[in-house]
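Working through the structure, step by step
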Amino acid sequence: MIQLEDNLKTLIKTNAFLGYNIIIEENMGFFKCPRIDDLKENLMIYIYLFNKYIDLYEDDKSSFYYVLFLNEKYFQEFASMLYFFFQTEQIKLKDQKLYFNEKNFMDENNISIFMESLRVLHHFDKKNDDYKPANKIAAEMMARARKLKKEMEAKIKQKDGIGFLEIMSTVSARHASINPTNIGQLNYYQIIDQYKRLMMIDIYTPCLYGNATEEYIKKNNVKHYSLKIINE
């Protein structure tokens, strides 16, 4: 399975931030992170699908493509998700390849590139992505740790009630120019990016006024809000 290099991740993030097309593999053509306004009533379906298939991919990257063909529901849902990213009228299945048009397709060789890009577009990329388990035992331990982390994150999210609606509301309330009437012009990557940047500004603000203690800085891992956002 591929690992996206930092320069390619930067390209994906930059194009997503600016709302541009993303071209990372010739056979696949270009795709684009959809704006919220373009999703309209399909927004919750979109969020459900990318969460589900990123999780499915992370559970077993090597067999992900084949799982799609063994489970009709998975295949139909995955194809539906692709419509959000690729400008196509119809996705055709031929010779175990998903064709968007006569020239561009997704198959077992480039699907991992798309899925890794999908992780980046939705802030699922982690700073330890490049770590490779030394052996089978280490890999199993990492798998259990990921599962436990997902369960804990789900509980925290449910307890705190912080979902995409709350994130959009926060960005609209705090941002100087983004509000409920125009936030739909942004894509998912842009909204999460602005939310995280606002949180970094909040955390850094006590430092601007000189009343941030060493304990506060250490506890909150304070960094300047202009620095690179790293998903832990």
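Described below are features of the structure shown in this document.

Cut-offs and rules
Residue numbers restart at each chain and count upward from 1, following the sequence in its written direction. Reporting in this predicted model follows two pLDDT cut-offs: at least 70 for local features of residues, and 80 or more for side-chain atom pairs to be given and counted; totals over whole chains, interfaces and linings ignore these cut-offs and use all residues. The basis for every side-chain value is the complete set of heavy atoms in the structure, and neither hydrogens nor water enter the calculation. For helices the rule is a DSSP run of H or I covering at least 4 residues; for strands it is a run of E covering at least 2, with both sets numbered from the N terminus onward. One less than the number of residues in a helix, times 1.5 Å, gives the span that helix is expected to have. Only protein chains enter the calculation, and the probe is 1.4 Å; a residue is then buried if its accessible area is under 20% of its type maximum, exposed if over 50%, and partly exposed in between. The contact criterion used throughout is that any non-hydrogen atoms of two residues lie within 4.5 Å. Pairs of strands are assigned from DSSP output, requiring at least two bridges between the strands. Angles shown run from 0 to 180 degrees and are taken between the N-to-C directions of axes, each axis being a line fitted to C-alpha atoms and, for helices, limited to the stretch in contact.

1. Focus on helix α3 (residues 43–59)
- Under the 1.5 Å per step criterion, the end-to-end length of α3 is 24 Å for 17 residues, consistent within 8% with the ideal 24 Å.
- Turning to α3, its buried residues number three or more, namely Leu 43, Tyr 46, Ile 47, Leu 49, Phe 50, Tyr 53, Ile 54, Leu 56, Tyr 57 and Glu 58.

2. Here's the deal with unusual backbone geometry
- Unlike most non-glycine residues, Lys 40 shows phi in positive territory, near 50°.
- Relative to the helices and strands, Lys 40 resides in the loop between α2 (36–39) and α3.
- Judged by relative accessible area, which is 61%, Lys 40 ranks as exposed.
- Positive phi, close to 60°, is recorded for His 123, a residue that is not glycine.
- For His 123, the position within the fold is in the loop between α6 (111–121) and α7 (136–160).
- Judged by relative accessible area, His 123 falls into the buried class, the value being 10%.

3. Describing the environment of Tyr 74
- Relative to the helices and strands, Tyr 74 resides in helix α5 (residues 72–85).
- For Tyr 74, a relative accessible area of 22% gives the class partly exposed.
- Separated by 18 residues in the primary sequence, Tyr 74 and Leu 56 have C-alpha atoms spaced 9.8 Å apart.
- The contact partners of Tyr 74, leaving out residues within four places of it in the chain, are Lys 52, Tyr 53, Leu 56, Val 67 and Leu 68.

4. Here's the deal with the sheet that holds strand β5 (residues 105–106)
- Taken in spatial order, the three strands make up an open sheet running β3-β4-β5, and their pairing is antiparallel. Because the sheet does not close on itself, it has two edges, and the strands there are β3 (92–94) and β5.
- Examined bridge by bridge, β3 and strand β4 (residues 97–99) share three bridges and lie antiparallel to one another. Each bridged residue has a counterpart across the sheet, and for Lys 94 the counterpart in β4 is Lys 97.
- Of the strands in this sheet, β3, β4 and β5 are in contact with α5, which crosses β4 at around 35°.

That's the geometry; what it means functionally is another story.
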